[in-house]
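Here's the letter readout for the chains.
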Amino acid sequence: MLNTIRGRIIAVLILGLAVLLLITAINFWNVFSVNEKIRIIENYDDLFNDILEVRRYEKNFILYKNVNDLKESLEYLDKAEDLARRLALNISELVGSEEFDHFMSSLHSYRQVIVKYTVSDNDQISQSDITLMRSRGKELIEFVSRFIDIKRKRIHRALSRSVVIPFLFLLIFFTVIILTFRIVVRDIFQPLQLIERTTKEIAQGNFSPIDYKARTKDEIFDLVTAFNKMAREIDEGQEELVQSRKIAALGTFTAGVAHEINNPLNNIYLTAEALIEDFEQQIPGEAKELVLDILYQSERAAEVVGNLLDFSRSEHPSYTELSVDDVIQRTVKLVKNQLMLTGINLEMEIASGLPEIKGAQRHLQQVFLNLFLNAIHAMPNTGELTVSATTYSSEYIRIDVKDTGVGIRAEDLERIFDPFFTTKGVGRGTGLGLSVTYGIVKEHGGYIEVASEVGKGSTFSVFLPVVAERPEEQDGRPNSHSG
Ligand SMILES: Nc1ncnc2c1ncn2[C@@H]1O[C@H](COP(=O)(O)OP(=O)(O)OP(=O)(O)O)[C@@H](O)[C@H]1O
Ligand SMILES: [Mg+2]
């Protein structure tokens, strides 16, 4: 229950309410007990008055020696005794049963003296009896005054308890308010402010997730998780969009340049070739080498232009159903020689019965050729090239091209798919290989992932949709960076 903000607030309110109910009950009990004490103290007052009456008649008797006074006195004494018996329990509780017994025996011996003179009709009272009567009478007055005094103190105490109760009420009330406020501020307002700040940053293009340390998996935790997921997806979509735009813009530009260069380049090549074929005898050895160099260099230049044209290609070739296995085997043949020369060991792990894909054979071959060449370049002093193909999900097959080469630095990783990004020396790499690869894979409805560790090697994973279903690009894709 305490896992959610709602649960925490409800818990605080229920606890507060329970304490308030308890205090209310205590208050009721207190008022009731004060009432009860007041009722009893009225009885004590009656007892006190009765004894006062007894003593008044006692004085009259001593003064006027009228037996009727003694009879009156005895009547009040009976009343007092009767009342004292009824209050026995209460008095014992108040002052202890010993003192009550003491009080009763005083009452008793007082009574004996009085009875002695009422029965004998004897108005000649002895001095010793007068003293006894007075001292017992005084004792009785003292007893009852003490009872009343104690009882009164108790009432005061109960009353002062009642005074505290409203303050307790206020205290609990404020505690509940403060606790609720704290929950709202700490668990709702602060995270909301954080979300607001992050939203502003996202608007400015910074897609870092909300740095929220949740204590429990409450509503805000769910919100932040959903928010971060959204930010990550927008970020990935954004990257892909930028990449596509970059490539599209460059493509148009490059296509123009490549076309312009292609014709003169062809002419240079054909001319040099004709020169060798037609004038082979006349050309001295040194000059022949220079012409061969022209041929070699223009071949290289034609290759670059070919790459550029591939890169800028905007036409959609016709797709046919293809076996990935076949595409890979054909591409491997193209690099067999280079593998042998560098002594690289090739491992093929193509699962049998892979579903077919729909695509352009030549373009897909280009994809794998680029990846193989990059891998070979990354392993100048031999290594191992592993090519594996498996069914990745019901929608995709996955082809991994893994090398044990130099690896890619983290800061380069996000740029390798950029057109013209290369770490190879001038004249050795155009930096177009991976952007061409990226473009082709994307056109086929697939995506590429890279994992690399400097000094250990790299793995390029190509995901291509299978024929059965050709989903829209985003459907069924795992969450990952696709460059
Ligand atoms: N398998 C790999 N191992 C290490 N680095 C790689 C690998 N593949 C690509 N790279 C890095 O990515 C960069 C860009 O690769 P890309 O294929 O786009 O261009 P290139 O190979 O440099 O030139 P091009 O392919 O046009 O001849 C490379 O220069 C290299 O730094
Ligand atoms: Mg390359």
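In case you missed it, the structure is sitting above this.
From a predicted model like this one, the values you see are computed outputs, not experimental measurements.

*Asks:* Now, about the overall build of the protein chain: what can you tell me, with residues and values included?
*Replies:* A tally of regular secondary structure across the protein chain gives 11 helices and seven strands. Taking 483 residues into account, the globule formula puts the C-alpha radius of gyration at 23 Å, and the protein chain, at 55 Å, lies well above it. Principal axes of the C-alpha set define a box for the protein chain whose edges measure 185 × 45 × 40 Å. Here the analysis covers contacts within the protein chain between residues at least 6 apart in sequence; of these, 75% occur between residues at least 24 apart. When the accessible area of the protein chain is evaluated, it comes to approximately 28100 Å², of which 57% is carbon and sulfur surface. A gap of 13 Å separates the mean positions of the 53 positive and 68 negative side-chain charges of the protein chain.

*Asks:* Outline helix 5 (residues 127-203), supporting the account with residue identities and numerical values.
*Replies:* Over its 77 residues, helix 5 extends 112 Å from the first C-alpha to the last, a length consistent with the 114 Å expected when each residue adds 1.5 Å. Its axis deflected by about 35° at Val185, helix 5 carries its strongest bend there.

*Asks:* Go over the packing of aromatic side chains with me, naming the residues and quoting the values.
*Replies:* The full count for this structure, using the stated rule, is 12 aromatic pairs. When the centroid spacing of 6.1 Å and the interplanar angle of 15° are considered together, the rings of Tyr57 and Tyr76 count as stacked. Note that Tyr57 is positioned in helix 1 (residues 5-64) and Tyr76 in helix 2 (residues 67-86), a separation of 19 residues in sequence. The class for Tyr57 is buried, based on a relative accessible area of 15%. When the centroid spacing of 5.4 Å and the interplanar angle of 75° are considered together, the rings of Tyr396 and Tyr447 count as edge-to-face.

*Asks:* Explain helix 2 to me, using residue names and the numbers behind them.
*Replies:* Given 3.6 residues per helical turn, the α-helix brings residues three or four places apart onto the same face. Its 20 residues give helix 2 an end-to-end C-alpha distance of 29 Å, which sits within 8% of 28 Å, the value for a rise of 1.5 Å per residue. Three or more residues of helix 2 are buried, namely Val67, Asp69, Leu70, Ser73, Leu74, Leu77, Ala80, Glu81, Leu83 and Ala84. Residue Asn66 occupies the N-cap position of helix 2, its side-chain oxygen lying 2.9 Å from the main-chain nitrogen of Asn68.

*Asks:* Please give an account of the site of ligand 1 that cites residues and values.
*Replies:* Contacts to ligand 1 come from 19 residues, most closely from Asp403, Thr422, Thr423, Lys424 and Thr430. Between an oxygen atom of ligand 1 and a side-chain N or O atom of Thr423, the distance comes to 2.4 Å. Backbone polar atom of Gly433 to an oxygen atom of ligand 1: 3.3 Å apart, as the coordinates give it. For ligand 1, whose accessible area on its own is 590 Å², the fraction buried by protein is 91%. Mapped by element, the contributors of at least two residues to the shell around ligand 1 are helix 9 (361-378), helix 11 (433-443) and strand 7 (457-465). Residue composition of the shell around ligand 1, grouped by class: eight nonpolar, nine polar and two charged.

Quick notes on the rules
Residues numbered from 1 in each chain as written. Chains lettered and ligands numbered in written order. Predicted model: local features only at pLDDT ≥ 70, side-chain atom pairs only at ≥ 80, totals over all residues. Heavy atoms only, no water. Helix = DSSP H or I, 4+ residues; strand = E, 2+ residues; numbered from the N terminus. Rg over C-alpha atoms; globule rule 2.2 N^0.38 Å. Contact = heavy atoms within 4.5 Å. Areas by Shrake-Rupley, 256 points an atom, 1.4 Å probe, with all protein chains shown as cover. Lys, Arg positive; Asp, Glu negative; His and termini not counted. Charge placed at Lys NZ, Arg CZ, Asp CG, Glu CD. Expected span 1.5 Å × (residues − 1). Bend = angle between axes of the 7 residues up to and from the residue. Phe/Tyr/Trp six-rings, centres within 6.5 Å; stacked < 30°, edge-to-face > 60°. Buried < 20%, exposed > 50% of the residue type's maximum accessible area, 1.4 Å probe, protein only. Polar contact = N/O pair within 3.5 Å; in protein donor to acceptor, adjacent residues only side chain to side chain. Near = heavy atom within 4 Å. Nonpolar A, V, L, I, M, F, W, Y, C, P; charged D, E, K, R; others polar.

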